[in-house]
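# Close look at the chain arrangement
These are the residues of each chain, in order.
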Amino acid sequence: MQPESESQARYARQRGVFPEERRKATAVAILGAHSHPVLGSFAMAGLAGMGVRHLRSDFPGADAGHWIFGRYSELVHKLNPFAEYTAINYVMPGVDIRGMQKENSWIVFLAHDLEYTRYELGELVAAGIRIPTILAVAAPGGGMAVRYPDPAHALEALRESPPDIPGDGIEPGAPEVAEIIGGVVINEVMLGPDRPGENMAEPRILAFYSLSQARRVNVSHASGAFHELISDISRPGRWPRGSFHGLSLGFVGAGALANWAVLPVVCDAPAAMAIHDADIVEASNLNRQLLFVGHVGQPKASALAVELAGLSPGTSFTAMEKFVKHVDDLPLAGVHAVICAPDNDQARLISSDASLRAGVLFACGGTSARGGQAMVCVPPGSCFRCLAGLSGDAGDPAPADAAIRQSCAGENDAVLASNMVIAGIMISELRMALAGQPTANVRFLGNSPAGNRLSRMITRVPTCNHRKAGAVQNQEARA
C-alpha cells in the first residue's frame, strides 16, 4: 500500500485547485463506457490519477496489453491506492449511484449508444437521482460535452432522435478527440458544483470541437440542440485525416503534456520516435504524468520509452536523456514532424527554429492549471515565433512577455485535465496537417464563465519572413 506521505507528495502540485478535502469528497460514475472504451479508459485513468476517491462504472474495462487500457479496478488502484472503485449494476443503476452521493458528485454518460443512454437515464430519473450529469461524445467528426443539472434534464435533451444516426449508435472517434473531451469532463469535476458566475441549474455546452468547421469551435452557449450538435460530429469530417503509421517523429519534453500527446500517436504504430528530456521522474509529477507510476527516480525519457514500447511493440523508441538547448540538439534528418511539449518557452523556440530549418511540421502547446493553447506550424506557412508574437530572429531567446509562457515548471499548480485537452488538440490538428488539410490553433479556457470552453486562438500574423527564409535555405541545402 502506498504510504500517505507519498500520496501527499503526489498531489502537492494541485492542492491550490483540487485540494485533498475536495478529492475525498468527490464521486464520479462513468456510464456507457462500452460505447467508447478508449474514452472510458482515459476518463477513468484521469480521474483516478488526479486523486478522486470514489469512482464507479457500469463497464469493467477491457482486457488489454497495457494497463492504461485494462480493467478499471486494476487501473484505479494502480493510479490511486486509496480510491474506492465499485461496479454499477446496469439493470438498476440508481441503487448504486444513490449510495455514492458526496459533496461533489457527478454522473458522466458516454452517450454513443443513444438507446442505452436513454434507458439508463430513465432508470436514474425513476430512482429520484438528482446529480449533475454530463453527456460526452468523441465521434469521427469531433467531440462534445454538455452539462445538465440532473439526469431528468439530460433525458429531455435526448427525446428528439438525431437525424442520420444509425440504429447502432455513434461510431467512436479518434483517441485524441477522446482526450479533449475526457479532459474537459475532468476539469468540470475539479471545478466542483459551487462556482461564481455560472448557473449550475441550466444546461451548458462545455466543449464543442468539430472537424468539419474551419474554426472547430463555432457554437454559442445558447445555440444548438443536443441532437443537432451530435449530427454535426457523428459524421466523418469533410476533410481526410492523416496517420502517424510508419512515420519518424521527434518529441521534445516527456512530462505532463507529452504523457498524453504520445498516446494517440503510438496507437497508430509510427516507425520511430526520439524522446528528448533530461528530467527525472518525481513523486509530484504523478498527479498528471500517469505513465510514470512505478518509475519515480528514473529518467523521464527512458521511462516513457519503456511504457510506450508496451503500447506499440513495433515502434523504435530512442530516449535522448538531455535537454534541447540548441538547434543542433534536435537532429531532424528523416523526421516527419516535431511534437513539442516542454515546460518553458526557450525549449519551444529552439525546437521551432530547428523545425523551421529542417522544413518539418511543428506542433506545440502550453498549459496552466485551468487552461492552455495549442498550435501547428505547417511549411511554408508562419512559424511558431511569429504566430505566438515572440519577436526576434530565429535563434533569439524568448522575450519576457512571451505569449506561451513557462507552463508547469516550478511550484505552480499543475493538473491533468488541461494537459489532456491541449495534447488532444495538438495531435488532432497535426493529423489534419499530415493529410494536407487546413489546421486551427485552439485555446482551452477551463474556468470561462460563459460559452464553449474551447475557443479559436487569435494569432498575430498569417505569414512571416522567418518561414520564407527557412524555406529558401532548406531548398538551397537540398540543391
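For clarity, every value in this text was computed on a predicted model and none was experimentally measured.

Moving on, we come to the overall build of the protein. Of the regular secondary structure elements, the protein holds 15 helices and 15 strands. For the protein, the residues scored as buried account for 61% of the 479 residues in total. Summarising the internal contacts of the protein: among those between residues at least 6 apart in sequence, 74% fall at separations of at least 24. Accessible area of the protein: about 17,300 Å², with a carbon and sulfur share of 52%.

To summarise the sheet geometry, strands pair through backbone hydrogen bonds and adopt either a parallel or an antiparallel arrangement. On the basis of which strands lie adjacent, the open sheet formed by seven strands has the order β3-β2-β1-β4-β5-β6-β7 and mixed pairing. Each edge of the sheet is formed by a strand with only one pairing partner; in this case those strands are β3 (84-87) and β7 (204-210). On average, each strand axis in the sheet is inclined to that of its neighbour by 15°, with strand direction left out of account. Sheet topology places strand β4 (residues 104-110) next to strand β5 (residues 133-139); four bridges connect them, and they run parallel. What sits directly across from Val-108, in β5, is Ile-134. Contacts between helix α8 (residues 175-191) and the sheet are confined to β1 (26-31), β4, β5, β6 (142-148) and β7, with β5 contributing the most and set at about 165° to the helix.

Here we take up the environment of Pro-175. With respect to the element layout, Pro-175 can be found in helix α8. With residues near it in sequence (within four places) discarded, Pro-175 still touches Val-38, Phe-42, Pro-264 and Cys-267.

Attention now goes to the packing of α8 against helix α10 (residues 256-266). Pairs of packed helices are described in terms of their axes, by the angle between the two and the distance that separates them. The contact between α8 and α10 brings their axes to 8 Å, and the two run at 145°. Contacts between α8 and α10 involve Pro-175, Glu-176 and Glu-179 from the former and Trp-260, Leu-263 and Pro-264 from the latter. For the contact of α8 with α10, the residue count by class is four nonpolar, no polar and two charged.

What follows covers the sheet that holds strand β13 (residues 371-377). The strand order across the open sheet built from eight strands is β10-β9-β8-β11-β12-β13-β14-β15, with neighbouring strands paired in mixed fashion. Of all strands in the sheet, those with a lone pairing partner are β10 (316-320) and β15 (454-456), marking the two edges. Adjacent strand axes in the sheet meet at a mean angle of 15°, parallel and antiparallel pairs treated alike. Here strand β11 (residues 337-340) runs beside strand β12 (residues 361-368); their pairing, made up of four bridges, is parallel. Looking across to β12, one finds that Cys-340 is bridged to Cys-364. Along the sheet, α10 makes contact with β8 (248-252), β9 (272-276), β10, β11 and β12, crossing β8 at roughly 170°. Against the sheet, helix α12 (residues 345-358) contacts β8, β11 and β12, and its axis sits at roughly 170° relative to β12.

Take the packing of helix α3 (residues 37-50) against α8 next. Between α3 and α8, the shortest axis-to-axis distance is 9 Å and the interhelical angle comes to 35°. Seen from above, α3 lies across α8 with right-handed handedness. Contacts between α3 and α8 involve Val-38, Leu-39, Phe-42, Ala-43, Gly-46, Leu-47 and Met-50 from the former and Pro-175, Ala-178, Glu-179, Gly-182, Ile-186, Val-189 and Met-190 from the latter.

It is worth spelling out helix α14 (residues 416-434) at this point. The terminal C-alpha atoms of α14 lie 27 Å apart, and with 19 residues this matches the ideal 27 Å at 1.5 Å per residue to within 8%. Extensive coverage of α14 is indicated by the burial of 18 of its 19 residues. Directly beyond the C-terminal end of α14, a positive phi value near 75° is found at Gly-436.

Turning to unusual backbone geometry, a few remarks are in order. Residue Pro-379 is joined to Pro-380 through a cis peptide bond whose omega torsion reads 5°. Located in the positive-phi region is Arg-216, a residue other than glycine, with phi close to 75°. Residue Arg-216 is classed as buried on the basis of its relative accessible area, which comes to 0%. Phi is positive for Ala-269, which is not a glycine, with a value near 60°. Looking at where Ala-269 falls in the secondary structure, it is placed in the loop between α10 and β9.

For the rest of this paragraph, the subject is the pattern of salt bridges. Considering all chains together, one arrives at 18 salt bridges under this definition. Here Arg-216 and Glu-429 are joined by a salt bridge, their closest N and O atoms 2.8 Å apart. Here Glu-429 lies in helix α14 and Arg-216 lies in the loop between β7 and α9 (226-234), a separation of 213 residues in the sequence. The shortest N-O distance in the salt bridge between Arg-431 and Asp-268 comes to 2.5 Å.

Further remarks concern the nonpolar core. Core analysis: the largest hydrophobic core is formed by 101 residues, its most contacted members being Val-28, Leu-55, Phe-251, Met-273, Ile-275, Leu-308 and Leu-454. Considering each element in turn, this core owes the most residues, twelve residues, to α14. Excluding its chain neighbours within four sequence positions, the residues that come into contact with Leu-55 are Val-28, Met-44, Leu-47, Ala-48, Val-76, Glu-84, Tyr-85 and Thr-86. Grouped together as the second largest cluster of nonpolar side chains are 33 residues, Ala-27, Ile-131, Ala-154 and Ala-157 included.

What counts and how
Residues numbered from 1 in each chain as written. Predicted model: local features only at pLDDT ≥ 70, side-chain atom pairs only at ≥ 80, totals over all residues. Heavy atoms only, no water. Helix = DSSP H or I, 4+ residues; strand = E, 2+ residues; numbered from the N terminus. Buried < 20%, exposed > 50% of the residue type's maximum accessible area, 1.4 Å probe, protein only. Contact = heavy atoms within 4.5 Å. Areas by Shrake-Rupley, 256 points an atom, 1.4 Å probe, with all protein chains shown as cover. Pairing = 2+ DSSP bridges. Axes fitted to C-alpha atoms, helices over the stretch in contact; angles between N-to-C directions. Nonpolar A, V, L, I, M, F, W, Y, C, P; charged D, E, K, R; others polar. Left-handed = near helix turned anticlockwise from the far one by under 90°. Expected span 1.5 Å × (residues − 1). Salt bridge = Lys/Arg side-chain N within 4 Å of Asp/Glu carboxyl O. Core = buried A, V, L, I, M, F, W, Y, C linked by side-chain atoms within 4.5 Å.

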